[in-house]
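Remarks on the overall topology
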Amino acid sequence: MKKLFLLILVAAVIGGLYYYYFVDTLTLKDLVGDNDSKTLNWVVKKLDFDTGLTRNDLRKIKSAFRDKKMKTEEAIDEMLNDPDLEKIGKKLKRMPDQTLEWLVEQYEDR
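**Comments concerning the overall build of the chain**
Across its full length, the chain carries six helices and two strands. Counted from the first residue to the last, the chain has its helices and strands arranged as α-β-α-α-β-α-α-α. Here the C-alpha radius of gyration of the chain, 25 Å, is well above what a compact globule of 110 residues would show, namely 13 Å. Considering the chain as a whole, with its 110 residues, one finds that 5% of them fall into the buried category. Within the chain, contacts between residues separated by at least 24 positions form 50% of all contacts whose residues are at least 6 apart in sequence. Counting every atom, the chain has about 10200 Å² of accessible surface; 61% of that belongs to carbon and sulfur.

Put into structure tokens, the structure is as follows:
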């Protein structure tokens, strides 16, 4: 009888964890959480809805974002180690700050 009770207890815990992680969907408030912004808190309070995302979906999204970020960082590292870009970087460092600001503005306007 004790083994049956223990088996039922373990099955209930596993079932509860499965439901929590793979079935239970998150609301907008669950995703945003508490924030310092009063406006954001007000909007979340008024528009709180079920997003249809589970905790497992959120983990997959974060993982994909992390992978993409790592690839971007690796590409930047490769660019920084490129000898030709290193020469350009040295020349840019010698330019006045106003010129660099103008270059950044021109790039952002594209």
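**Quick look at the packing of helix α1 (residues 2-23) against helix α4 (residues 55-81)**
Between α1 and α4, the shortest axis-to-axis distance is 5 Å and the interhelical angle comes to 50°. Judged on the interaxial angle alone, α4 and α1 are oblique. Residues Tyr20, Tyr21 and Phe22 of α1 lie in contact with α4, whose contacting residues are Arg55, Asn56 and Arg59. Each residue belonging to the contact of α1 with α4 can be placed in one class, and the counts come to three nonpolar, one polar and two charged.

**Quick notes on the side chain of Asn56**
With respect to the element layout, Asn56 can be found in helix α4. Asn56 sits in the buried class, given a relative accessible area of 10%.

Rules behind the numbers
- Residues numbered from 1 in each chain as written.
- Predicted model: local features only at pLDDT ≥ 70, side-chain atom pairs only at ≥ 80, totals over all residues.
- Heavy atoms only, no water.
- Helix = DSSP H or I, 4+ residues; strand = E, 2+ residues; numbered from the N terminus.
- Rg over C-alpha atoms; globule rule 2.2 N^0.38 Å.
- Buried < 20%, exposed > 50% of the residue type's maximum accessible area, 1.4 Å probe, protein only.
- Contact = heavy atoms within 4.5 Å.
- Areas by Shrake-Rupley, 256 points an atom, 1.4 Å probe, with all protein chains shown as cover.
- Axes fitted to C-alpha atoms, helices over the stretch in contact; angles between N-to-C directions.
- Parallel < 35°, antiparallel > 145°, perpendicular 65-115°, else oblique.
- Nonpolar A, V, L, I, M, F, W, Y, C, P; charged D, E, K, R; others polar.

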